[in-house]
Amino acid sequence: MRHGKTGIGTVLGVGLAVAGTLAMAPSAVAVTPDTATISFDCGSYGSGTATLTATQDGTAATISVATSAITSPIDLGANSVKSTLTLAKNGSGTTEFSGNANPAIPAGSAVTTGPLSGTVAAGDSLEAASLKVVVLGITATCKATSAQSPGPFVF
């Protein structure tokens with residue numbers, strides 16, 4: 001009988017030790033860098049810099065864009081800007097992040113859009129190539145005019 005009680009205590013102790021080890025295991029590697037800047041030329045809509053902020057959760061990733069390259073001529077409500085960010089992927093090919101999430105944007109203010117959603121794989125290296133923004137049915141297409149700094153996002 002006594003031996004049986006010791007066995008249960010040992011099993012519980014081992015179980016707690018394993019649970020503690022799992023709880024202290026490191027989380028998945030996050031995207032690096034998590035913030036980068038780039039310059040865009042949006043033709044007649046303007047030009048300027050953009051700050052890109054990336055996050056990752058497994059194969060799902062998001063990128064938010066705040067840019068001085070495009071300013072709003074009128075007040076824009078939240079979630080009224082449709083955006084597609086095209087990124088060079090691993091030095092060849094492209095991938096897109098898209099969405100229509102944005103905060104309310106007052107007239108004359110810089111456009112902020114995102115998070116834009118996309119899918120990534122471990123080791124993907126992504127660098128912004130272009131940004132398409134659709135506001136009130138008007139499309140502004142911006143082309144990157146500089147390399148992303150400090151470098152591409154690596155997932």
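See the structure above.
Small disclaimer: the values here were computed from a predicted structure and weren't measured. (Residues numbered from 1 in each chain as written. Predicted model: local features only at pLDDT ≥ 70, side-chain atom pairs only at ≥ 80, totals over all residues. Heavy atoms only, no water.)

(A) Structural context of the overall build of the protein chain. Along the backbone of the protein chain there are one helix and nine strands. Scanning the protein chain from its N terminus toward the C terminus, one meets helices and strands in the order α-β-β-β-β-β-β-β-β-β. Split into buried and exposed, the 155 residues of the protein chain put 30% on the buried side. Look at the contacts in the protein chain between residues 6 or more apart in sequence, and 63% of them connect residues 24 or more apart. Per element, the accessible surface of the protein chain, about 8600 Å² overall, is 61% carbon and sulfur. (Helix = DSSP H or I, 4+ residues; strand = E, 2+ residues; numbered from the N terminus. Buried < 20%, exposed > 50% of the residue type's maximum accessible area, 1.4 Å probe, protein only. Contact = heavy atoms within 4.5 Å. Areas by Shrake-Rupley, 256 points an atom, 1.4 Å probe, with all protein chains shown as cover.)

(B) Examining the pairing of strand 3 (residues 60–71) more closely. Of the strand pairs in this sheet, strand 2 (residues 47–57) and strand 3 are connected by eight bridges, and their pairing is antiparallel. Opposite Leu52, over in strand 3, you have Val65 as the bridge partner. Taking the residues that link successive antiparallel strands as the turn, the strand 2-strand 3 hairpin has two residues, and the phi of Gly58 there is positive, at about 70°. The sheet contact formed by strand 3 and strand 6 (residues 110–119) spans eight bridges and is antiparallel. The residue of strand 6 that forms the bridge with Ala60 is Thr119. (Pairing = 2+ DSSP bridges.)

(C) Looking closely at the nonpolar core. The biggest cluster of nonpolar side chains holds 31 residues, and the ones touching the most others in it are Phe40, Ile63, Leu85 and Phe97. Only strand 1 (35–41), strand 2, strand 3, strand 4 (81–89), strand 6, strand 7 (125–135) and strand 8 (138–144) provide two or more residues apiece to this core. Beyond its immediate stretch of four places on either side in the chain, Phe97 contacts Ala61, Thr62, Ile63, Ser83, Thr84, Leu85, Leu87, Leu116, Ser117, Gly118, Val120 and Leu126. (Core = buried A, V, L, I, M, F, W, Y, C linked by side-chain atoms within 4.5 Å.)

(D) A look at the state of the cysteines. According to the stated counting rule, one finds one disulfide in the structure shown. Paired by a disulfide, Cys42 and Cys142 hold their sulfur atoms 2.0 Å apart. Note on the Cys42 and Cys142 pair: the S-S dihedral is about 105°, so by sign convention the disulfide is right-handed. Of this pair, Cys42 sits in the loop between strand 1 and strand 2 while Cys142 sits in strand 8, placing them 100 residues apart in sequence. (Disulfide = S-S within 2.5 Å.)

(E) Local environment of the side chain of Ser72. Tracing the chain through its elements places Ser72 in the loop between strand 3 and strand 4. At 2.3 Å, the side chain of Ser72 forms a polar contact with the backbone oxygen of Ile74. (Polar contact = N/O pair within 3.5 Å; in protein donor to acceptor, adjacent residues only side chain to side chain.)

(F) The arrangement of unusual backbone geometry in detail. Of the consecutive residues Thr32 and Pro33, the connecting peptide bond is found in the cis state with omega at -15°. Relative to the elements of secondary structure, Pro33 occurs in the loop between helix 1 (2–23) and strand 1. The residue after Ser149, namely Pro150, is reached through a cis peptide bond having omega 15°. Within the secondary structure, Pro150 is located in the loop between strand 8 and strand 9 (153–154). Phi is positive for Asn90, which is not a glycine, with a value near 55°. Looking at where Asn90 falls in the secondary structure, it is placed in the loop between strand 4 and strand 5 (94–99). Judged by its relative accessible area of 42%, Asn90 falls in the partly exposed class. One non-glycine residue with positive phi stands out, namely Leu136, at about 50°.

Shape descriptors only; they carry no functional weight alone.
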